[in-house]
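# Observations on chain architecture
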Amino acid sequence: MFRVAQALRLGLVVASVLLPKPSQAFTGEEHRLAADSALAGVTRECAKSIPPNSPQQLSHLITLLESLPKDTSQTFGELTASLARVDFGEHRFHIFRETPLEQALRLKSEDIERVWRVLNEGRELPSASVFASEITVCREKGVVANYLLYHLMALRIASLPLDNQISITNVAEAALSWEAYAQGYLHDALSAGHMVMPWRGNLLAPLQTTNYKAWSQVVSAEGVFVLNSRGEVWQAFGEHLLHWYSPHYEHVLACSQVSIRELVLTLFVAHELPIPGALTDWMRREGILETPRARVARWIEPTDGETLFNTSTPPAVLPSLMYIPMPISATWSHAPILEDSLRKSERRFYPQLRERGLHDPSISEASSEFLYSRTGVPIWLIPPVVEENDVVRADSVVRFVSGWAAVEYYSPLSPVTSAIGVHLRGGVVLPLHHEAVASRVGAGYTFRYKIFQPTLDLSYMNQLSSKSRDLFILTAGHDIPIPVSYFIGKSDGLWIEVGGLNALHGEHRRMGGVLSVGLYWNLDALGGPGFSGTRLRLQYSNMQPEGYVVHAFGLSVSWY
Amino acid sequence: MNQSRRSFLTQVGGTLAFSLVYRGLSAETLHLLDDASSDDLFRNRTFSDLHAHVRLNEWIAKAGLMQSMPGGAEFISKQMNKTKVDLKKCHEAGLDLICVAHFNPFDEFVSMPSDPNPDAPRQTVRMLDELEEYVKNEASAFACVVKSRGELQERLAIRSPDTRRRVALIHCLEGAHALGFDIAPLRILADRGVAMIGVTHFFTKGLASSGNSIPFFPDAGAPQANIGLMERGIEVVKEMQKLGILIDIAHATAPTVEDILSISTGPLVASHVSAQALGDHPYSLTDEHIQRINERGGIVGVILMPYWLSNYTSAAKADEHGSLREVTRTVRYIYKLCGTHKCIGIGSDFAGYVTGPNDLRELDKIVSLTKALRQEFRGEKNSEEIVSDIMAGNVIRLFTEHWGNA
């Protein structure tokens, strides 16, 4: 029993070393910095614009916000990072090929009310550290619905009435801790790696973790072009790269700040405190024409994702939804014609959509595969110059209408496979000058060490010739990814393998050597949720089992 | 006088003498100009390229580093320089004019990223010599180097089936860092027949800020101070104008273009660029700058490299998906933006280690672009004239009317 336990423990240790973890949206430090910076920016702008003759309570509260939440002895950013950096569940990913609107629509009012009822069961204020990680009603609904849920909880808690037991400080603390969790989801919603990755929750996932990670890494590092509901396009990146590309960081920060402003505004309005000028200015910039009180009432009343997006007229009821992006393959871009001397103008972007007439009729095949449906975007993202089913009009916008351009974007939206990790191999060996054809099957593991990717393979080969026995072959190999196109088409690289072999039976069972060189082709990833890839190898082998030499050609397929 | 200075002047002198003799020989073609109206120079042409690297592979192969690696130069030129310029085939394909971009990677990178290299002018003259010697010894049957507007007119007047027809090559420099932070070499280079100089290239080099133009080095990873034209850059631009050398703003960032527009007069050239509206890179030109180049009678040369013409997250993706479609869309966009085709040309940048469209990798196959443009402008009243001017006429007009205008 003890040995079994030891073996299991050893197995777990080996698995934890060999099976890589999925990529994070951002590193913990990136989460922390983004959240803390956003909060500091909002509290500072509020502090600078406190209306004259405001009660002392207001400035005290603003100062307090900067050091909240206290219940966990962590800063706002640390709390955000603590959950976001360790959680890779499906609720932290966009739902692949769905727009933020479509994902927001998944959040129903009954979801919100069910969570709210649970939170209100106790007499004390609901603490995020107690409840937040237990909320599972929206797990399968993606990152946008989950952000909305946590953010709405923060807004509702911020508006709770005060009594002898509950002070405004308690309310602010509790609300901010919920907002910290919401910020984690918001950051995930803005991370490239969490936008185009179909979540890996499928039965084959454990075998293809490396491919999943490979794609995630490519997406995070190469970036992905995205569009938000404000008509802004930029290139989003993933972990370690948040501060590397300033346009992306600025969008993440802006989005985080809007979310925090919504919370702070709710806190001030609900407790009848004067509204700092910075917040009223922000409402004007967002195009909110209602009074703060009227708008906050729409956030905290029973609602759902659809109401919060309000698809008929811009902006969304909840402005932070306007900042959440979606991967994009083609847009209509519009530059307003300005008459000022500098002729400077900001371009505004609209998504090209799947329906006829709503996309450039000459769009490339690669771009057309990733178009969203008209029902997936709010009405203000449909450009006024095109009309459904009017292809001629769309063509004429591309060719003749000044100020408009049809723009395409190519991001890593298809699976990228990697040879790193576990693989299975099988194939045939054709020995020269021998009568038999042997088959070879095995399994192996490819490591990554800096730029090197050595592979260890253990395989079994049946009788090579009448003189030989069945063989076990242990080899170490390495690929050289330089395309070679001299002999049989263009290969993806060269392959070299050395090792030893040993006969399974026989009196002598002497160790022999094996040397193989060849070409390999990476076949298309099989796609879908499996992330698997295949590699075809054609190789020459020089084998020396039991003291004699066999020259052989082999053809094998690896599945990884 | 030190050894290198003496060697430099000897080379300049020798080449000047060659140029004078060459001019004398070409005088025999003058009578052809008398018969032809100036319009004929622009009409029914095949292709004039605003920017191509005719001898870059060979220049790299001659470097000491490459010579110490057997097969290295061949491997690099075959595997990495995917677009090809073969002068013999270009001649057979009927190409009219190629602006030969001289770019010495060893000069530019040896003191990267910002410092000028004082040895650059000597190397620059060697590159001019190398091209001229090649043309004289190996390519005289299909190409010729022209060194003035008059020579260009003479050469272009000779048309097929006249066996004396040659592809006209014009010396151009890609990056004024080739002057070695000095304006004195400009006069020598103007005398040598350099018609156009790009103010900046990959790096600032004390002259002007440049947009990132290395595709495998994403824009985000190439932060350079974007301060526009620097003091020495202003001197270079002014001196170029005095000498009648055309100013090429390719590779310049928007502030640099803005500065050049404000201190210069006459037409500007963007020899191999893209439109920022379609391909959002610091390398691309904004709508405003495209319009102002058009207003100044200049030319925007559309680069035949899809990576810049659209939005790709990697050069490998552009290699896979990029096609002539992106070229024609950019041409169409500039036409739509400016309301005229007269400001549009093509600057292929071929053989300059760029990834061309996947349906056009050899300059002599440029007829496929002509066909694509005909398809794009089908139905327009003067579509043939539009395509002909974009492919060749506009560039020829630029050089025959503005080269050498002090």
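Everything discussed here concerns the structure shown above.
Residues numbered from 1 in each chain as written. Chains lettered and ligands numbered in written order. Predicted model: local features only at pLDDT ≥ 70, side-chain atom pairs only at ≥ 80, totals over all residues. Heavy atoms only, no water.

## Comments concerning the overall build of chain B
Secondary structure assignment for chain B yields 19 helices and 10 strands. Accessible area of chain B: about 15,100 Å², with a carbon and sulfur share of 54%. (Helix = DSSP H or I, 4+ residues; strand = E, 2+ residues; numbered from the N terminus. Areas by Shrake-Rupley, 256 points an atom, 1.4 Å probe, with all protein chains shown as cover.)

## Section: the interface of chain B and chain A
Interfaces are often sized by the accessible area lost when the parts come together. With 29 residues of chain B in contact, the opposing surface of chain A contributes 36 residues. Summing both partners gives a buried area of about 2,600 Å² for chain B against chain A, and 45% of it is carried by carbon and sulfur. Where chain B touches chain A, the interface holds six salt bridges. The closest approach of N and O atoms between Glu408 of chain A and Arg329 of chain B, which form a salt bridge, is 3.8 Å. The interface formed by chain B and chain A holds 19 residue pairs in polar contact (both at pLDDT 80 or more) in total. Elements with a contribution of two residues or more to the side of chain B that touches chain A: helix H6 (72–80), helix H14 (287–295), strand E9 (311–312), helix H16 (315–321) and helix H17 (324–338) of chain B. Take the side of chain B that touches chain A: its biggest share by element is six residues, from H17 of chain B. Taken together, the residues that form the side of chain B that touches chain A break down as seven nonpolar, eight polar and 14 charged. (Contact = heavy atoms within 4.5 Å. Buried area = accessible area lost by both parts, 1.4 Å probe. Salt bridge = Lys/Arg side-chain N within 4 Å of Asp/Glu carboxyl O. Polar contact = N/O pair within 3.5 Å; in protein donor to acceptor, adjacent residues only side chain to side chain. Nonpolar A, V, L, I, M, F, W, Y, C, P; charged D, E, K, R; others polar.)

## Some points on the sheet that holds strand E9 (residues 455–461) of chain A
Residue and element names in this part refer to chain A. One closed barrel holds the eight strands; their spatial order is E7-E8-E9-E10-E11-E12-E13-E14, and the pairing between them is antiparallel. Pairs of neighbouring strands in the sheet enclose a mean axial angle of 25°, with direction left out of account. In the sheet, strand E13 (residues 534–544) pairs with strand E14 (residues 550–559) via 10 bridges, with the strands oriented antiparallel. Counterpart to Leu538 in the pairing with E14 is Leu555. (Pairing = 2+ DSSP bridges. Axes fitted to C-alpha atoms, helices over the stretch in contact; angles between N-to-C directions.)

## Quick look at the side chain of Ser191 of chain A
Here Ser191 of chain A lies in the loop between helix H9 (168–189) and helix H10 (209–222). Dropping the residues within four chain positions of it, Ser191 of chain A is found in contact with Ala25, Phe26, Phe237 and Gly238 of chain A.

## Some thoughts on the packing of aromatic side chains
The full count for this structure, using the stated rule, is 20 aromatic pairs over all chains. Geometrically, the ring pair formed by Phe237 of chain A and Tyr245 of chain A is edge-to-face, given 5.4 Å between the ring centres and 75° between the ring planes. By relative accessible area, which is 17% here, Tyr245 of chain A ends up buried. Ring centres 5.0 Å apart and planes at 65° place the aromatic pair Tyr445 of chain A and Phe447 of chain A in the edge-to-face group. Note on Phe447 of chain A: relative accessible area 33%, which makes it partly exposed. Feature note: the residues Tyr150, Trp178, Tyr181 and Tyr185 of chain A constitute an aromatic cluster, connected by ring pairs. Taking NZ or CZ as reference, Arg55 of chain B lies 3.6 Å from the ring centre of Tyr134 of chain B, over its face. (Phe/Tyr/Trp six-rings, centres within 6.5 Å; stacked < 30°, edge-to-face > 60°. Buried < 20%, exposed > 50% of the residue type's maximum accessible area, 1.4 Å probe, protein only. Lys NZ or Arg CZ within 6 Å of the ring centre and 35° of its normal.)

## Brief notes about helix H2 (residues 28–48) of chain A
In this model H2 of chain A runs 30 Å from its N-terminal to its C-terminal C-alpha over 21 residues, within 8% of the 30 Å that 1.5 Å per residue would give. Of all the positions in H2 of chain A, only Gly28, Glu30, His31, Ala34, Ala35, Asp36, Ala38, Leu39, Ala40, Val42, Thr43 and Cys46 of chain A are classed as buried. (Expected span 1.5 Å × (residues − 1).)

## Some remarks on a nonpolar patch on the surface
On the surface, Ile480, Ile482, Leu494, Ile496, Val498, Leu515 and Val517 of chain A together with Phe75 of chain B cluster together to form a nonpolar patch covering roughly 610 Å² of accessible area. Broken down by secondary-structure element, the contributors of at least two residues to the nonpolar patch are strand E11 (493–503) and strand E12 (511–523) of chain A. Take the nonpolar patch: its biggest share by element is three residues, from E11 of chain A. Tracing the backbone shows Leu494 of chain A in strand E11. (Patch = residues over 30% accessible without salt bridge, like charges linked within 9 Å, V, L, I, M, F, W, Y side chains within 5 Å.)

## Remarks on the state of the cysteines
Residue and element names in this part refer to chain B. What the rule picks out here adds up to zero disulfides over all chains. Summary of cysteine pairing: Cys90 is not part of a disulfide, and the nearest cysteine sulfur, belonging to Cys99, is at 13 Å. Here Cys343 stays free of any disulfide, with the sulfur of Cys338 as its closest cysteine sulfur at 3.9 Å. (Disulfide = S-S within 2.5 Å.)

## Observations regarding the pattern of salt bridges
Enumeration over the complete set of coordinates arrives at 48 salt bridges over all chains. For the salt bridge of Lys365 of chain B with Asp364 of chain B, the shortest nitrogen-to-oxygen distance reads 3.7 Å. When salt bridges with common partners are traced through the structure, they connect Asp395 and Arg399 of chain A together with Arg332, Glu376 and Glu380 of chain B into a single cluster.

## Quick look at unusual backbone geometry
Across the junction of Pro314 of chain A and Pro315 of chain A, the peptide omega takes the value -10°, indicating a cis bond. One can find Pro315 of chain A in the loop between helix H14 (305–309) and strand E3 (326–327). Of the consecutive residues Ser160 of chain B and Pro161 of chain B, the connecting peptide bond is found in the cis state with omega at 10°. We note that Phe181 of chain B has phi near 60°; this positive angle belongs to a residue other than glycine. The topology assignment puts Phe181 of chain B in the loop between strand E4 (167–173) and helix H11 (185–191). Given a relative accessible area of 35%, Phe181 of chain B falls into the partly exposed group.

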